[in-house]
Amino acid sequence: MRDFDDIRADFPILSDEYAYLDNAATTQKPQAVLDAVERYYKSENANPLRGLYDLSVLATERYESARAAAARFIGADPHEIVFTRNATESLNLVSYSYAASVLREGDEILVAVSEHHSNMLPWQNAARLTGAVISYIECSRDGVITPDDIERRITNKTRIIAIAQVSNVIGRVNDIRAIAELAHAHNAVIVCDGAQSVPHMAVDVKQLGVDFLAFSGHKMLAPMGIGVLYGRRELLESMPPFLYGGEMIEHVTLCGATYAEVPHKFEAGTVNAGAAAGLEAAIGYMTDIGMDRIEARERELTRYMMERMQAIEHINIIGSADPDEHVGIVTFTVDGVHPHDIAEIMNSDRVCVRAGHHCAQPLMKFIGYPSTARASLCFYNTEADIDRFIESLSGLRKKMGY
Ligand code: PMP
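Going along each chain's sequence as written, the residues are numbered from 1 onward. In keeping with the model being predicted, local features are shown solely for residues with a pLDDT of at least 70 and side-chain atom pairs are shown and tallied solely at 80 or more, while totals for entire chains, interfaces and linings include all residues. Values shown for side chains rest on all heavy atoms present in the structure; no hydrogens or waters enter the calculation.

## As for the sheet that holds strand E2 (residues 81–84)
With mixed pairing, the seven strands of this open sheet are ordered in space as E2-E8-E7-E6-E5-E3-E4. Each edge of the open sheet carries a strand with a single partner, namely E2 and strand E4 (133–137). Put simply, the sheet's adjacent strands are angled 20° from each other on average, direction ignored. With four bridges connecting them, E2 and strand E8 (residues 227–231) associate as antiparallel partners. Counted as the bridge partner of Phe 83 is Val 228 from E8. At least two bridges found by DSSP between two strands is the condition for calling them paired. Numbering of helices and strands runs from the N terminus, with a helix taken as a DSSP run of H or I at least four residues long and a strand as a DSSP run of E at least two residues long. To obtain each axis, a line is fitted to C-alpha atoms, and for helices this fit is confined to the stretch in contact; angles are then taken between N-to-C directions over 0 to 180 degrees.

Written out as structure tokens, the structure is:
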């Protein structure tokens, strides 16, 4: 079994120059992923799903083998995996295709206030298009949405529940399985945003009982430009296409068209096979390490980081004080220091953290901070990265003249 120091050496961009702690925004890429993309373009590239010649067949095989890998990774069937550009596009696909065709005036969509804008704006738009209404579910101060919170709001008009498994601000895990059971007991579907969970823990769609799950490749070691939508097969089959054009059809006349089988019905135009090859390699790489081992290492790093943060005065951690209730994400403020100053000063110390509203403005309003800083971990981070972050954090107030 390889140790994590060894594993870190697989990432060419990671050196002693930076402590990269913005993994919730995007992760770095191991050589195996870079090689897979290069291999695709050097020896497998043609337009997939179209040509009859060998090279195009090879490109198609690579693309479909990436789909099979994504399906295995989350316990789905390959027909249930639609490739998109990112989690945002996956969620828009569900809102434009599923929601816009099933919602009727007065139907309800339950959305957690803690959602990323990518899992909120598509529902606002679906409500606008259909006359449905959104009912927002408030989270607790430490960021969790409990099945009780849902039970209080769900009605026989609820058709969709949209909720993240892990919030990108608070980092806490929601009990998706229990929420899915509640949704189904009310004939509603559950759309789960897995952008911050799938990269960090073993996720099985059948065990969770979700109807849709969205996530992005770039947050799990893969290239940018490839995302995944899992959808239960019967649902995908019942849905109209989202984008129309080449490669998603069966037959076209001047009056209309019949569409390809799922998932191709949802993949109009030339697909991103190079990024899919990278995603397949990323999944293989993470599976070789083991998702349970990844989760345990990130938990260990989170504990190391939070305990040191908690020992410094004037630092406020958002959400639970228990490190086990943060999936590698620690959002914080420093008394008297604007989060943008935190990020800038940390940048001069070569520490990369995020500052701002984290694309979750309603949540920021709800927790009472317009802006915060966020440090987020990946298994390739080290205690030395965290020490560097802590040293920078400890000196912040002094640098601001306190
Ligand atoms: N949901 C969550 C919880 C996220 O953290 C993010 C990315 N910050 C997204 C959705 C959107 O991901 P992408 O920008 O890759 O579409």
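## Comments concerning the sheet that holds strand E12 (residues 329–334)
On the basis of which strands lie adjacent, the open sheet formed by four strands has the order E11-E12-E15-E14 and antiparallel pairing. Bordering the open sheet on either side are strand E11 (315–317) and strand E14 (354–356), each of which pairs with just one other strand. Within the sheet, the average angular offset between the axes of one strand and its neighbour, ignoring direction, is 30°. Against the sheet, helix H11 (residues 291–310) makes contact with E11, E12 and strand E15 (372–376), and its axis sits at roughly 15° relative to E12, the strand it touches most. Residues are treated as being in contact if the distance between any of their heavy atoms lies within 4.5 Å. Each of E12, E14 and E15 touches helix H12 (residues 339–348); the most contacted strand, E14, lies at about 160° to it.

## Some words on the site of the ligand
Around the ligand lies a shell formed by Asn 86, Ala 87, Thr 88, His 116, Ser 118, Asn 168, Asp 193, Ala 195, Gln 196, Ser 216, His 218 and Lys 219. Contacts described as polar in this section are N or O atom pairs within 3.5 Å, which, within protein, must combine one atom able to donate a hydrogen with one able to accept it, while residues neighboring in sequence count only if both atoms come from side chains. Taking His 218, its side chain carries an N or O atom lying 2.7 Å from an oxygen atom of the ligand. The contact in question runs from a nitrogen atom of the ligand to an N or O atom on the side chain of Lys 219, over 2.8 Å. Contact with the protein chains covers 87% of the free accessible surface of the ligand, which is 400 Å². In the scheme used here, Gly and all other residues not listed as nonpolar or charged are polar, with Ala, Val, Leu, Ile, Met, Phe, Trp, Tyr, Cys and Pro taken as nonpolar and Asp, Glu, Lys and Arg as charged. The residue makeup of the shell around the ligand, split by class, is two nonpolar, eight polar and two charged. Whether a residue is near a molecule or strand depends on its heavy atoms: if one lies within 4 Å, it is near. Using the Shrake-Rupley algorithm and a 1.4 Å probe, accessible areas are obtained, with residue cover drawn only from the displayed protein chains.

## Here we look at the environment of Asp 149
Within the secondary structure layout, Asp 149 lies in helix H6 (residues 147–153). Expressed as a C-alpha distance, the spacing of Asp 149 and Val 203, which sit 54 residues apart in the sequence, is 23 Å. Setting aside anything within four residues of it in sequence, one finds Asp 149 in contact with Ile 137, Glu 138 and Val 144. Within the structure, Asp 149 has its side chain in polar contact with the backbone nitrogen of Thr 146 (distance 2.8 Å). In terms of polar contacts, Asp 149 uses its side chain to reach the side chain of Arg 152, at 2.7 Å.

## Quick notes on helix H4 (residues 87–102)
Every helix has an expected span of 1.5 Å times one less than the residues it contains. For H4, which comprises 16 residues, the first-to-last C-alpha distance of 22 Å matches the rise-based estimate of 22 Å (1.5 Å per residue) to within 8%. A residue's bend is the angle separating two fitted axes: one through the seven residues that end there, the other through the seven that start there. Along H4, the largest kink reaches about 25° and is centred on Ser 95.

## Remarks on the packing of H11 against helix H14 (residues 383–399)
Axis angle and axis distance: for two packed helices, these are the angle between their axes and the distance between the axes, and together they describe the pair. Running from N to C, H11 and H14 cross one another at 20°; their axes reach a closest spacing of 10 Å. Of the possible angle classes, the one that applies to H11 and H14 is roughly parallel. Relative to H14, the crossing made by H11 is right-handed. Contact with H11, carried on its side by Arg 297, Leu 301, Tyr 304, Met 305, Arg 308 and Met 309, involves Glu 383, Ile 386, Asp 387, Phe 389, Ile 390 and Leu 393 of H14 and no other residues of that element. Any angle between 65 and 115 degrees counts as roughly perpendicular, while under 35 counts as roughly parallel, over 145 as roughly antiparallel, and the rest as oblique. Note: crossing handedness is left-handed where the near helix turns anticlockwise from the far helix by less than a right angle, and right-handed where it turns clockwise.

## Focus on the nonpolar core
One recurring pattern in soluble globular proteins: nonpolar side chains tend to sit buried together. We call a set of buried Ala, Val, Leu, Ile, Met, Phe, Trp, Tyr and Cys residues a nonpolar core when their side-chain atoms join them within 4.5 Å. Throughout this description, buried means an accessible area under 20% of the type-specific maximum (1.4 Å probe, protein chains only), exposed means over 50%, and partly exposed covers the range between. The biggest cluster of nonpolar side chains holds 78 residues, and the ones touching the most others in it are Ile 74, Phe 83, Leu 213 and Phe 379. Sorting elements by how many residues they give to this core places helix H10 (residues 273–289) first, with eleven residues. Beyond its immediate stretch of four places on either side in the chain, Leu 213 contacts Ile 74, Cys 192, Gly 194, Val 198, Val 203, Val 205, Val 228, Leu 229 and Tyr 230. If you look at the next biggest cluster of nonpolar residues, it comprises 28 residues, including Ile 345, Val 351, Phe 389 and Leu 396.

## What to know about the pairing of E12
Burial analysis of E12 places six of its six residues in the buried class, the great majority of the element. Of the two faces of E12, the one holding Ile 329, Thr 331 and Thr 333 and the one holding Val 330, Phe 332 and Val 334 are both buried throughout. Across four bridges, the pairing between E12 and E15 is antiparallel. Note that in E15 the partner of Phe 332 across the bridge is Ala 373.

## Thoughts on a nonpolar patch on the surface
Together, Tyr 244, Ile 249, Val 252 and Tyr 259 make up an exposed nonpolar region whose accessible area comes to about 370 Å². With respect to the helices and strands, the residue Ile 249 is situated in strand E9 (residues 249–252). Patch definition: residues above 30% relative accessible area lacking any salt bridge, with like charges linked at up to 9 Å and the nonpolar side chains Val, Leu, Ile, Met, Phe, Trp and Tyr linked at up to 5 Å. We define a salt bridge as a side-chain nitrogen of Lys or Arg found within 4 Å of a carboxyl oxygen belonging to Asp or Glu.

## Regarding the domain arrangement of the protein
Taken domain by domain, the protein holds domain 1 (4–21 + 290–399) and domain 2 (33–286). Accessible surface is computed with a 1.4 Å probe, and the buried area is the amount of it that two parts give up when combined, taken over both parts together. Carbon and sulfur atoms supply 64% of the area buried between domain 1 and domain 2, which totals about 2,600 Å² over both sides. The largest per-residue losses of area from domain 1 upon contact with domain 2 belong to Met 291, Val 327 and Phe 366, which jointly make up 26% of the total buried on that side. On the surface where domain 1 and domain 2 come into contact, there are one salt bridge. When the shortest N-O distance is used, the salt bridge between Glu 325 and Arg 172 registers 3.5 Å. At the surface where domain 1 touches domain 2, the tally comes to twelve residue pairs in polar contact (both at pLDDT 80 or more). Those elements that provide at least two residues to the side of domain 1 that touches domain 2 are H11, E12 and helix H13 (361–367). Segment limits for the domains were obtained from an automatic or database-derived domain assignment.

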